[in-house]
Amino acid sequence: MKKSRSVRLIAALGALALVIAACGDGGGEFEAGELGAVEVGADEAIQIRSLNAITGEVAFLGIPNENAIRMAVDDYGQIAGRDVNVGTGLDDLCSADGGQSAAQTIVADSAVVGVIGTSCSGAAAAASPLLSDAGLSMISASNTSPSLTSDLEGTAGENYYAGYYRTAHNDLFQGQAAANFVFENLDLTKVALIHDGDPYTNGLTTAFENAFTELGGEIVVHTAVSVGQTDMVPVLTEVAAGEPELIFFPIFPAEGTAIAQQVSGVAGLEDVVLMAADGLSVTNFLDLPESENMYFSGPDTRFDENTNEATDLNGEQFLADYESEFGEAPSADFWGHAYDATTMLLTAIEAVAVEDGDSLWIDRQALRDELNSISGFDGLIGSITCDEYGDCGANVISIFQHNNLDDHQASKANILYTYSG
Amino acid sequence: MTTTTSPSKTSRRFRFNWVDSFLWFIRVSALIAIVIGIVGSVQLFLEGEGPTAEQWRDLVISGLSTGFMYGLIALGYSMVYGVLGFINFAHGEVFMSGLMVSLIAATLMFENGFWDANPTLALLIVLSISMLVSTLVAVLAERIAYRPLRGAPRLIPLITSIGVSFFLQYAFAGIFGVATRSYPPAPGNLGNDVEFLGIAIEGTKLLVVGVALISMVGLWWFVAKTKTGRAMRAVAEDKEIAGLMGINVDRTIVTTFAVGGAMAGVAGLLWALLFRAVDFLTGFLPGIKAFTAAVLGGIGNLPGAMLGGVLLGLFENVGPLLVLNGLGIPAVSQLKDAVAFAALVLVLVFRPTGLLGERLGSEDRA
């Protein structure tokens, strides 16, 4: 009891000292907006967080995102004389559970201003409401599910919450690009779709279905596998019964591998064309002999010439830096998006930060307004403009055919179709 | 005497009982749903919709081969239950460990060309490594985790086995990493179709069924005809009396675990041929399925475990398309696991002891 009373006394004295110090500097009192503001003391760092899938089967996606975030923070340097601290990388586990518990960890720390993440749409659907309620801004580099932003026609998606932004494309573009390619370039009209129930995979197959039927094609089967399933003969038999010419399965490597390996053993699917999306255009799937000649849709990553305006780094330099720092090429396609997302957040923080005496104040609502107003920001991924539901991506989708098992970069350069949203 | 207190058989038979009538309601409606589903699928088939005859045949074959693999794993559950009366939940991981370690040998042989040059020898090498590792892991688990708990209430080794299961999963994740790895494709011309009894069957699936049958016969011979097998049956009957009769109970129990592990090792080879993909969680679902198969067939009964496995494989492969598709449910294949476990519930509703199981006395129940 005694102790707590003395602590209170010290705290009160400290507060008084702060007020006197502030007045002594002649600064006016900072007025926080409705979401409150974060105060960063003189020798404190500005806190942002990385929330990506860094363990488990989808770590290939989250690890390059987190690496790119750290590179961007280093390249950007200080804001108003203060360092930016990313802290320990948090893990979204590529699941709703992981996203939720990581978001709870983040909101428990009132010093955090913004979050770069999540990697997976399923994790974002759980993390976004918590972070939004706490007044934070989050920018994802690789969430693509339409449900997280909007249908691009002015209706918010079911998982949209204020303060959510992304530099990744909205999968409505990817669905359209893939459908156009199949219908016009491959000249195929009967397609089977397989998703795994996740918002990313389900969102993409649905976008494909809508675009493809609009073009005049036919979706003969639209089915799903469950995560962890290894025996694909039943689902492939269900697919075979629809006699598709092409199977589009934009899922993740564990189940994707099983499908690619078992498809040739199912009667009626010997000659079917296989197509997948960015979730499978990853090293260990592209190593499979069965993935040869498959088509993959994904973000166009020809960023060599693009320069990020905040750090003056171009895509080619980024890849060189990445390789020298981490000893390998990025294992997934969203490194540029993660780098741009981070520099966007830091630029916006710098724009809204107000120095008041020794403290730096970052107003949470002002930060969101600043991010919403971003227009024509030059990033590695191209010119970035945010719409009112947080879609900031460059929306350029390309489709390549995997024709070189030994050199994935050469395969990824074998681009047959490019779509710009 | 009023009917409420009367124990007489006639009055009991006619008494209205909510639980019984509810169970009958479930039985009847399940049967009706299944019949409607099958009729619907047959109609679709006659209209030329849905899978073709060839595809149905392939589904049955793939269900059988998966089922035989489940059966082999189920034997391990059933044997341990028969002898010790507890469910060894780490058995799925015993299966995974052999599979994971023999992947190293398979990859090496594939890379230097031995895999395709000497298919038989290559598969025998994979088989022996897989059996050896699985046996070793099963025996070590018994020695380290279960033997100190001998005589403790049955719930305790059961919970311990869940701990062993997690330990093995994450030990393998630490050693081998978490990425999904893949066995090389079936060696030689094994992947091609083989003519068998007038129908073309994929070579690997035929091999899977053949290997499983041989192992099953071998196990039956071991349990029924050898001295050690007799000792196992004696220990299963009554540990104390068996000990008094001069049987080394500890050694017999170790043998039980070893044989169950070896069968899981064989199943590892079959998995490598059928599905190829492996990661540290690979053992979990087949383990649960094999446990389901063991219960389906009547736990503690070896032919029952095999029968349960085969039926479960068939149900989960054919069931979704045959029953659920006929009922007009969309995206049926993701309900494959649900069908497998629903099949278990249905069998238990009709036959609570499992297909070949016998009613256990209350003291024998786990």
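Rules used in this analysis
Residues numbered from 1 in each chain as written. Chains lettered and ligands numbered in written order. Predicted model: local features only at pLDDT ≥ 70, side-chain atom pairs only at ≥ 80, totals over all residues. Heavy atoms only, no water. Contact = heavy atoms within 4.5 Å. Buried area = accessible area lost by both parts, 1.4 Å probe. Salt bridge = Lys/Arg side-chain N within 4 Å of Asp/Glu carboxyl O. Polar contact = N/O pair within 3.5 Å; in protein donor to acceptor, adjacent residues only side chain to side chain. Helix = DSSP H or I, 4+ residues; strand = E, 2+ residues; numbered from the N terminus. Nonpolar A, V, L, I, M, F, W, Y, C, P; charged D, E, K, R; others polar. Disulfide = S-S within 2.5 Å. Phe/Tyr/Trp six-rings, centres within 6.5 Å; stacked < 30°, edge-to-face > 60°. Buried < 20%, exposed > 50% of the residue type's maximum accessible area, 1.4 Å probe, protein only. Lys NZ or Arg CZ within 6 Å of the ring centre and 35° of its normal. Pairing = 2+ DSSP bridges. Right-handed = clockwise from strand over helix to strand, strands pointing away. Core = buried A, V, L, I, M, F, W, Y, C linked by side-chain atoms within 4.5 Å. 1 Å grid on protein atoms, 1.4 Å probe; cavity = no way out; pocket = protein on both sides within 12 Å on 5 of 7 lines; lining within 4 Å. Points joined across faces, edges and corners; volume = space filled by probe spheres on them. Domains from an automatic or database assignment. Axes fitted to C-alpha atoms, helices over the stretch in contact; angles between N-to-C directions. Parallel < 35°, antiparallel > 145°, perpendicular 65-115°, else oblique. Left-handed = near helix turned anticlockwise from the far one by under 90°.

Chemist: Provide a residue-level description of the interface of chain B and chain A, including the pertinent values.
Modeler: With 29 residues of chain B in contact, the opposing surface of chain A contributes 28 residues. For the chain B and chain A pair, buried surface summed over both sides reaches about 2200 Å², with 54% attributable to carbon and sulfur atoms. The residue Arg276 of chain B makes a salt bridge to Glu290 of chain A at a minimum N-O spacing of 3.0 Å. Inspection of the region where chain B meets chain A yields six residue pairs in polar contact (both at pLDDT 80 or more). Only helix 3 (53-84), helix 13 (302-324) and helix 14 (336-350) of chain B provide two or more residues apiece to the side of chain B that touches chain A. Per element, the largest residue contribution to the side of chain B that touches chain A is six residues, and it comes from helix 3 of chain B. Of the residues contributing to the side of chain B that touches chain A, the split by class is eleven nonpolar, nine polar and nine charged.

Chemist: Could you give me a rundown of the state of the cysteines, with the residues and numbers involved?
Modeler: All names here are of chain A. A complete count under the given rule lists two disulfides over all chains for this structure. Each disulfide pairs two cysteine sulfurs, and for Cys94 the partner residue is Cys120, the sulfurs being separated by 2.0 Å. Every disulfide takes its handedness from the sign of the S-S torsion; for Cys94 and Cys120 that torsion is -100°, giving left-handed. One end of the pair, Cys94, is in the loop between strand 4 (90-91) and helix 3 (96-107); the other, Cys120, is in the loop between strand 5 (112-117) and helix 4 (121-133), with 26 residues separating them in the sequence. The side chain of Cys386 participates in a disulfide bridge whose partner is Cys392; the two sulfur atoms lie 2.1 Å from each other. Taking the torsion about the sulfur-sulfur bond, which here is approximately 110°, the covalent link between Cys386 and Cys392 counts as right-handed. If one numbers only the bonded cysteines of chain A, in the order they occur, the disulfide pattern is 1-2, 3-4.

Chemist: I'd like to hear about the packing of aromatic side chains, residue by residue, with values.
Modeler: Tallied over the entire structure, the rule returns 23 aromatic pairs over all chains. Geometrically, the ring pair formed by Tyr77 of chain B and Phe291 of chain B is tilted, given 5.9 Å between the ring centres and 45° between the ring planes. Of this pair, Tyr77 of chain B sits in helix 3 while Phe291 of chain B sits in helix 12 (residues 284-297), placing them 214 residues apart in sequence. Ring geometry for Phe89 of chain B versus Phe291 of chain B: centroids 5.3 Å apart, planes at 65°, classification edge-to-face. With Phe89 of chain B in the loop between helix 3 and helix 4 (91-111) and Phe291 of chain B in helix 12, this residue pair connects regions lying 202 residues apart in the sequence. Look at Phe89 of chain B and you get partly exposed, because its relative accessible area is 23%. For Phe291 of chain B, a relative accessible area of 21% gives the class partly exposed. Counting every residue linked through ring pairs, the aromatic cluster contains Phe303, Phe318, Tyr322, Phe326, Trp335 and Tyr339 of chain A. Taking NZ or CZ as reference, Arg27 of chain B lies 4.6 Å from the ring centre of Trp24 of chain B, over its face.

Chemist: So what's going on with the pairing of strand 9 (residues 218-224) of chain A? Which residues, and what values?
Modeler: All names here are of chain A. Bridge count between strand 8 (residues 190-195) and strand 9: six bridges; the pairing is parallel. Residue His195 lies in a different strand from strand 9, and its bridge partner there is Ala224. A crossover connection joins strand 8 to the parallel strand 9 through helix 6 (residues 199-215); in handedness this β-α-β unit is right-handed.

Chemist: Lay out the environment of Asn308 of chain A with the relevant residues and their values.
Modeler: Residues and elements named next belong to chain A. Relative to the assigned elements, Asn308 resides in strand 13 (residues 307-308). Assessed through its relative accessible area of 0%, Asn308 is described here as buried. Sequence separation between Asn308 and Met344 is 36 residues, and the spatial gap between their C-alpha atoms is 9.7 Å. Dropping the residues within four chain positions of it, Asn308 is found in contact with Leu313, Tyr339, Asp340, Thr343, Phe377, Asp378, Gly379 and Leu380. Of the polar contacts made by the side chain of Asn308, one reaches the backbone nitrogen of Ala310; its length is 2.9 Å.

Chemist: Pulling in residues and values, what's your account of the side chain of Lys412 of chain A?
Modeler: Here Lys412 of chain A lies in helix 13 (residues 408-412). The class for Lys412 of chain A is buried, based on a relative accessible area of 16%.

Chemist: For the nonpolar core, give the residues involved together with the corresponding values.
Modeler: Of all hydrophobic cores here, the largest spans 82 residues; its most connected members are Leu72, Leu75, Tyr146, Tyr183 and Leu219 of chain B. If you tally residues by element for this core, the top one is helix 11 (residues 249-274) of chain B, at 14 residues. Not counting residues up to four positions away in its chain, the partners in contact with Leu72 of chain B are Ala212, Ser215, Met263, Val266, Ala267, Leu270 and Met306 of chain B. Residues Val182, Val235, Leu274 and Leu288 of chain A belong to the second largest nonpolar core, which totals 63 residues.

Chemist: Describe empty space enclosed by the protein, and please don't skip the residues or the numbers.
Modeler: In the structure shown here, the tally under the stated rule is four cavities of 30 Å³ or more. The computed volume of the largest cavity comes to approximately 120 Å³. If you go around the largest cavity, you meet 14 residues; those closest to its centre are Leu61, Ser142, Tyr200, Gly279 and Phe334 of chain A. Counted by class, the lining of the largest cavity contains seven nonpolar, five polar and two charged residues. In this structure, the lining of the largest cavity is formed jointly by two domains, domain 1 (40-168 + 302-390) and domain 2 (172-299 + 399-420) of chain A, each of which donates at least three residues. In this structure, the second largest cavity spans a volume of roughly 80 Å³. Where the lining of the second largest cavity is concerned, the elements lending two or more residues are helix 3, helix 12 and helix 14 of chain B. The dominant element in the lining of the second largest cavity, judged by the number of residues it contributes, is helix 12 of chain B, at three residues.

Chemist: Pulling in residues and values, what's your account of the sheet that holds strand 15 (residues 354-356) of chain A?
Modeler: Residues and elements named next belong to chain A. What the three strands build is an open sheet, ordered 1-16-15; its pairing is antiparallel. The sheet terminates laterally at strand 1 (37-40) and strand 15, the two strands that pair on one side only. The mean angle between the axes of side-by-side strands here comes to 30°, regardless of whether they run parallel or antiparallel. Sheet topology places strand 15 next to strand 16 (residues 359-363); three bridges connect them, and they run antiparallel. Paired with Val354 across the bridge in strand 16 is Trp361.

Chemist: Which residues make up the packing of helix 6 (residues 119-146) of chain B against helix 7 (residues 155-176) of chain B, and what values go with them?
Modeler: Residues and elements named next belong to chain B. Following both chains from N to C, one finds helix 6 and helix 7 inclined at 130°, their axes separated by 11 Å at the closest point. It follows from the interaxial angle that helix 6 and helix 7 lie oblique. When the axes of helix 6 and helix 7 are compared, the crossing they make is right-handed. On helix 7, the residues touching Val137, Ala141, Ala145 and Tyr146 of helix 6 are Pro157, Thr160, Ser161, Val164 and Leu168. Looking at side-chain class alone, the contact of helix 6 with helix 7 contains seven nonpolar, two polar and no charged residues.

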